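Here are the chains, one letter per residue:
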Amino acid sequence: MRRALGVAVAAALVATLGTPVNAGDPGPRDVHPSLRSDLIAFYDFDHPMPDDPALERDLGRSGTEIELINGGAAQRVPDSAYPGSRRALQTKQVTPDAAGNDDWKAGVYSPTGVRTLRAFNAVGGTTVMGWFKRSMDGPAPNTVTPAPDDRFNAIGLAGVLTGDSDGHAVRALLELIDVQGTLRLVALGRRLDGGASQTFAASADWKTLLPKDQWVHIAATFDFNAGTMALYRNGVPVEGFYTVTGDPWQVGGPGGPFVTTATDPRGIKIGGSFPQNTVERNPCDCRMDALMFLDRSLSARDVANQYRYMRSRG
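Residues numbered from 1 in each chain as written. Predicted model: local features only at pLDDT ≥ 70, side-chain atom pairs only at ≥ 80, totals over all residues. Heavy atoms only, no water.

### Some thoughts on the environment of K133
This is how it is decided: Numbered from the N terminus, helices here are DSSP runs of H or I no shorter than four residues, and strands are runs of E no shorter than two. Exposure categories follow from relative accessible area, calculated using a 1.4 Å probe and restricted to protein chains: below 20% of the type maximum is buried, above 50% is exposed, and the middle band is partly exposed. In this analysis, two residues are considered to be in contact whenever any of their non-hydrogen atoms come within 4.5 Å of each other. Any pair of N or O atoms that falls within 3.5 Å is considered a polar contact. Within protein, one atom must be able to donate a hydrogen and the other to accept it, and sequence-neighbouring residues count only if both atoms are side-chain atoms.
In this fold, K133 is placed in strand 8 (residues 125-134). On the basis of relative accessibility, which here comes to 16%, the residue K133 falls in the buried class. With 78 residues separating them in the primary sequence, K133 and P211 have C-alpha atoms 7.9 Å apart. In this structure, K133 is in contact with D79, D213, Q214, W215, D285, C286 and R287, ignoring residues within four places of it in sequence. Only 2.8 Å separates the side chain of K133 from the side chain of D79, close enough to count as a polar contact.

This is how it looks when you write it as C-alpha cells:
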C-alpha cells in the first residue's frame, strides 16, 4: 500500500539524514516557537506529497506522511479554521446503511510499528491538538452490526495508536464517547500496551464545547509519569472528571519516572479508527485542520500561547 511505502521511505530518510528539520529551520509558521522542538507530527492539509496527492506531508520533525483514506485529494476542502489557513481535511461516513470500508478518514498504520513515530516510544508525555468543526448531531449509524438502529458509541477525532494496536487501541486520543449514557468530549490515554486506559471527560455538554459548523481549537494533554490528563478549548482549560477509579496506568508505586511501553506506535488515526482501512468504526462527519502531535504534556500556558499564536497569524 502507498502509505506503507511512504512510511518506509520516510524512515529510511530519517535514518540516513537525521531529523527532517534542520537546526536553523524556524519550523512551521503556524506553530509557536517554544513548541517546535517537541512537534513530532503536524498536518495543515495544505501540503500534498508531490508524487501522490492522497498523501499529506508531515511538517513536524518525524516526516510521517498520512494517507487521506478513500477520498484522497478530494478530502482537502477550502475552509479557514484560523487566519492564514487555506484548506481543511474532510472526514465523514459515506454509506450509513451498509457494511463496507468507504468512510473518509486519515492516518497511517504499520503492524510492526511506525519507525518515524519513535518519539512516542517510552515517552513521558504527549499532546494531541487541532482545530475541529463538527457537522453531525451524534454518533453515526453502526455499519458493522446487523441491527438497523444501532449507532456507534463514539466519534473519533485524532490520536496516536499503541505499539500493539489493531488500529483502534490508542496511547493518546481526542474523541467524543459515551460516558455512563452521556456523550462527552474526552481525552483517553493508555500508558502500557495491552493495559488499562484512563479517560478524562469534560463536564460541559459536548454540543456547547463543539458547536455545530463552527471551528473550535481543542487540545488534550497526557502526563504519563504523573498519571494526569487535561482538556482545553480555545486555549482555556475545560473542567472535567476521570472515569476510572484506582490506578489504571500503574504509576502509584515505586519505579518511576513512568513512561509508555517501549514500542513504536503502530500509527495515527484521524476521523475514525482502523487507518489500515479494514473496518469502519466511530466515523466523524467533521472538518479538521492543523493537527499537532507533540512528545510532551503541554502546560496550560503552552496551550494558550499556541491558540493565541494561531489566532494572530495573517
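### Brief notes about unusual backbone geometry
G256 connects to P257 through a cis peptide bond whose omega is 5°. Among the secondary structure elements, P257 is positioned in the loop between strand 16 (240-242) and strand 17 (267-270). Even without a glycine there, the phi angle at N234 is positive, about 50°. Within the fold, N234 resides in the loop between strand 14 (228-233) and strand 15 (236-237).

### So, the pairing of strand 13 (residues 216-223)
To be explicit about the condition: When DSSP finds at least two bridges between two strands, those strands are taken to pair.
Of all eight residues making up strand 13, seven are buried, and the element is well covered by its neighbours. Direction of pairing for strand 8 relative to strand 13: antiparallel, over a ladder of eight bridges. Paired with G130 across the bridge in strand 13 is I218. Bridge analysis of strand 13 against strand 14 gives six bridges, and the strand direction is antiparallel.

### Thoughts on the packing of aromatic side chains
What counts is decided by this rule: The pairing test for Phe, Tyr and Trp rings, Trp by its six-membered ring, is centres within 6.5 Å, and the orientation test on the planes gives stacked under 30 degrees, edge-to-face over 60, and tilted for anything in between. Charges are assigned to positions over rings by a cutoff of 6 Å between ring centre and Lys NZ or Arg CZ, combined with an angular limit of 35 degrees from the ring normal.
Enumeration according to the criterion identifies six aromatic pairs in this entry. Ring centres of F222 and F224 lie 6.3 Å apart, and the angle between their planes is 15°; this geometry places the pair in the stacked category. For the pair F224 and W249, a centre-to-centre distance of 5.1 Å together with 45° between the ring planes defines the contact as tilted. Here the residue F224 occupies a position in the loop between strand 13 and strand 14, and W249 occupies one in the loop between strand 16 and strand 17, the gap between them amounting to 25 residues. On the accessibility criterion, W249 (3% relative accessible area) is buried. One aromatic cluster in this structure is built from Y82, W131 and Y307. Above the ring of W104, the side-chain terminus of K92 is found at 4.3 Å from the ring centroid.

### Some details on the state of the cysteines
The following threshold applies: When the sulfur atoms of two cysteines come within 2.5 Å, that pair is taken as a disulfide.
One pass over the full model with this rule turns up one disulfide. With a sulfur-sulfur separation of 1.8 Å, C284 is cross-linked through a disulfide to C286. Taking the torsion about the S-S bond as the criterion, the C284 to C286 disulfide, at about -70°, is left-handed. By relative accessible area, C286 is classed as buried at 3%.

### Here we look at the confidence of the model for the chain
Which entries qualify depends on this criterion: One number per residue, pLDDT, summarises how confident the predictor is, and it ranges from 0 to 100.
In this model, the chain carries an average pLDDT of 92, and 91% of its residues clear a pLDDT of 70 or more. Below pLDDT 50 for its whole length, residues 7-25 participates in 20 contacts with residues either more than four positions away or in separate chains.

### Brief notes about the sheet that holds strand 16
Reading across the sheet, the ten strands line up as 2-3-4-7-17-9-10-11-12-16 and stay open at both edges, with antiparallel pairing between neighbours. Taken across any chain shown, the strands that pair with only one partner, and hence form the sheet edges, are strand 2 (48-49) and strand 16. The pairing of strand 9 (residues 154-161) with strand 10 (residues 170-179) spans seven bridges and is classified as antiparallel. Residue pairing across strands places L161 opposite V170, the latter belonging to strand 10.

### Brief notes about the pairing of strand 6 (residues 87-91)
In terms of burial, strand 6 is a largely internal element, four of the five residues being buried. As judged from the three bridges shared by strand 5 (residues 76-78) and strand 6, these two strands associate in the antiparallel manner. In the sheet register, P78 faces strand 6, and the bridge partner there is R87. Across three bridges, strand 6 lies against strand 18 (residues 286-294) in antiparallel orientation.

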